[in-house]
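# Inside the fold
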Amino acid sequence: MITIIDGKKTSEEIKSEIATRVKEIVDAGGKKPHLAAVLVGNDGASQTYVGAKVKACDQVGFDSTLVRLEETISEEELLTVVEDINQNPAIDGLIVQLPLPKHISVEKVTNKIKPEKDVDGFTPANVGRMTLGWPAYVAATPYGIVELLKRYQIETSGKHCVVIGRSHIVGSPMSILMARNEYPGNCTVTLTHSRTKNLPEIAKTADILIVALGKPEFVTADMVKEGAVVIDVGIHRVDDSSKKSGFRLIGDVKFDEVSQKASAITPVPGGVGPMTIASLLFNTLLAAEGKVYGN
Ligand code: NAD
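The numbers attached to residues start from 1 for each chain and follow its sequence in the written order. Local features in this predicted model are restricted to residues whose pLDDT is 70 or higher, and side-chain atom pairs enter the listing and the counts only when it is 80 or higher, whereas totals over whole chains, interfaces and linings include all residues. As a convention, hydrogens and water are excluded, and side-chain values are obtained from all of the structure's heavy atoms.

Any two strands between which DSSP finds at least two bridges are classified as paired. To qualify as a helix, a DSSP run of H or I must reach at least 4 residues; to qualify as a strand, a run of E must reach at least 2; elements of each kind are numbered from the N terminus. On the basis of which strands lie adjacent, the open sheet formed by 6 strands has the order 1-11-8-7-5-6 and parallel pairing. This sheet does not close on itself; its edge strands, each paired only once, are strand 1 (3-4) and strand 6 (188-192). Across 4 bridges, strand 5 (residues 160-164) lies against strand 7 (residues 208-211) in parallel orientation. Residue pairing in the sheet places V163 in a bridge with I210 of strand 7. Contacting strand 5, strand 6 and strand 7, helix 7 (residues 171-179) runs over the sheet at an angle of about 170° to strand 6. In what follows, residue pairs with any heavy atoms lying within 4.5 Å of each other are defined as contacts. Lines fitted to C-alpha atoms define the axes, with helix axes restricted to the stretch in contact, and inter-axis angles between N-to-C directions lie between 0 and 180 degrees.

Shown next as structure tokens:
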């Protein structure tokens, strides 16, 4: 029987655990965790993502601050805003929503974020700490996947894990996490990308297949081993006149046929997606409690 890995349900469980912890902190006289989100410009998708993050803060009892800045803000001014938040003791976690306008260097801004407040896990300090296996803020999407594997008790030790896609925010960290000497981990990992030769043959040898390449329904049943665990990170909107919204969401995996072969699979929507915000909230709680860097 196939297991549908339910990210929506799991993310609600995590949010409820976080809300319980916040209540304990506040009841003991402590302060609520506080996340600041910086949004530059008026990109529709970014506004939706940031809005969802702020709403989720409310849901678990966090304080949040949304800093909205004009598209035309200079790099220098944005760096000053980040530094002010770095120095503000009331704020535990800081995220700068990407993408940024072209005239601003993502590297400079990311590097300005104090690692202790970098709950997106994007700074070199946190990527380095994760790679070394030290306490770190792990980027929200890979962290969400690790949490799903854990909560669904997916066996990983000695398995062959194939990751498709090597982005800094998903594929690359995922390959590091799956190879580390702990659970979930201890996999033999193959990291594949756009220059990989014979990708279908390699994918077919995976016990655990993590798909994050950003191509709708790229992975078909013939690329998947019988009984594999399939994690689909992709999200794409396709027109669908039968839906009230006029569209539906699909992943990087052809769910209907791959689910006939897999032993466990994440659906889209309702798989990896909802876990991302839950992970960000969890990192913010860790920040407030000084669990990664100590207080
Ligand atoms: P990206 O575009 O930054 O990276 C894609 C990677 O896939 C690259 O490393 C590239 O080398 C590789 N690739 C491209 N074509 C390939 C091919 N034909 N064969 C093998 N590898 C190929 O993408 P990303 O930011 O990692 O996102 C991937 C997907 O996941 C997107 O659909 C994105 O929307 C989605 N995503 C979802 C969440 C979530 O919360 N669920 C979070 C981040 C990204």
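One finds I18, F62, I145, M178, I210 and I231 to be the most contacted residues of the largest nonpolar core, which totals 48 residues. If you tally residues by element for this core, the top one is helix 10 (residues 273-288), at 7 residues. Apart from residues no more than four positions distant in its own chain, F62 is found in contact with I18, V22, P33, C57, L281, T284 and L285. The nonpolar core is taken to be a set of buried Ala, Val, Leu, Ile, Met, Phe, Trp, Tyr and Cys residues, with the residues joined through side-chain atoms within 4.5 Å. Type-normalised accessible area, obtained with a 1.4 Å probe on protein chains alone, sets the label of each residue: buried when under 20%, exposed when over 50%, and partly exposed for intermediate values. Counting residues in each nonpolar core, the second largest holds 17 residues, with V38, L78, V96 and I113 among its members.

Moving on, we get to the environment of V109. Looking at the element boundaries, V109 is found in helix 4 (residues 106-112). In this structure, the C-alpha to C-alpha distance between V109 and V96, residues 13 residues apart in sequence, is 8.3 Å. V109 has contacts with L78, L79, V82, V96, L100 and I104, leaving out every residue within four places of it along the chain.

Here strand 7 shows two buried faces, one formed by I208 and I210 and the other by L209 and V211. By the bridge criterion, 4 bridges tie strand 7 to strand 8 (residues 229-232) in an arrangement that is parallel. When the sheet's bridge partners are listed, L209 is paired in strand 8 with V230.

It is worth spelling out the side chain of N283 at this point. Inspection of the secondary structure puts N283 in helix 10. Those residues in contact with N283 that sit more than four places away from it in its chain are V119, Y137, V138 and Y143.

Assigned domains of the chain: these are domain 1 (28-114) and domain 2 (140-273). Boundary definitions for the domains trace back to an automatic or database domain assignment. Each of domain 1 and domain 2 was reduced to a C-alpha centroid, and the two centroids are 29 Å apart.

Turning our attention to the site of the ligand. Surrounding the ligand, one finds 22 residues, the nearest of these being R166, S167, H193, K215 and T276. In protein, a polar contact means a hydrogen-donor-capable atom and an acceptor-capable atom, both N or O and within 3.5 Å, with residues adjacent in sequence counting only if both atoms are side-chain atoms; elsewhere, any N or O pair within 3.5 Å suffices. One of the backbone N or O atoms of R166 is found 2.8 Å from an oxygen atom in the ligand. In the environment of the ligand, an oxygen atom lies 3.2 Å from a nitrogen or oxygen atom belonging to the backbone of S194. Accessible surface area values rest on a Shrake-Rupley calculation with a 1.4 Å probe, where residue burial reflects the displayed protein chains alone. Isolated, the ligand exposes 860 Å² of accessible area, and the fraction of that covered by the protein chains is 72%. Its residues assigned to classes, the shell around the ligand shows 10 nonpolar, 10 polar and 2 charged. A cutoff of 4 Å decides nearness: a residue is near a molecule or strand if any of its heavy atoms lies inside that distance of it. Only Asp, Glu, Lys and Arg are considered charged, only Ala, Val, Leu, Ile, Met, Phe, Trp, Tyr, Cys and Pro nonpolar, and every remaining residue, Gly among them, polar.

Moving on to helix 2 (residues 44-60). Over its 17 residues, helix 2 runs 25 Å from end to end, which matches the ideal 24 Å to within 8%, given 1.5 Å per residue. At its buried positions, helix 2 is contacted by helix 1 (7-27), strand 2 (34-40), strand 3 (63-69), strand 4 (93-96) and helix 10. Immediately downstream of helix 2, the backbone of G61 shows phi near 90°, a positive value. A helix's residues, less one, multiplied by 1.5 Å, set its expected span.

Attention now goes to the packing of helix 6 (residues 140-151) against helix 7. With their axes 9 Å apart at the nearest point, helix 6 and helix 7 run at an angle of 35° to one another. Helix 7 is crossed by helix 6, and the crossing has right-handed handedness. Here P142, I145, V146 and L149 of helix 6 come into contact with helix 7, specifically with P173, M174, L177 and M178. For the contact of helix 6 with helix 7, the class distribution of residues is 8 nonpolar, no polar and no charged. In this scheme, a crossing is called left-handed if the near helix is turned counterclockwise away from the far one by less than a right angle; it is called right-handed if the turn is clockwise.

Pairing of aromatic rings covers Phe, Tyr and the six-membered ring of Trp, with a centre-to-centre limit of 6.5 Å; geometry is then stacked below 30 degrees between planes, edge-to-face above 60, and tilted otherwise. For the structure shown, the criterion picks out 2 aromatic pairs. Considering the side-chain rings of Y137 and Y293, the 6.0 Å spacing of their centres and the 35° angle between planes classify their relative orientation as tilted. Pair noted here: Y137 is in the loop between helix 5 (124-132) and helix 6 and Y293 is in the segment after helix 10, with a separation of 156 residues, a long-range link. Judged by centre distance (6.0 Å) and plane angle (45°), the ring pair of Y143 and F282 falls under tilted. Note that Y143 is positioned in helix 6 and F282 in helix 10, a separation of 139 residues in sequence. Classification of Y143 by relative accessible area gives buried; the value is 17%. Each ring is checked for a lysine NZ or an arginine CZ that lies within 6 Å of its centre and within 35 degrees of its normal; such an atom marks a charge sitting over the ring. The ring centre of Y293 lies 4.1 Å from the NZ or CZ of R129, which sits over that ring. Geometry around F247 places R237 over its ring, the cationic atom sitting 3.9 Å from the centre.

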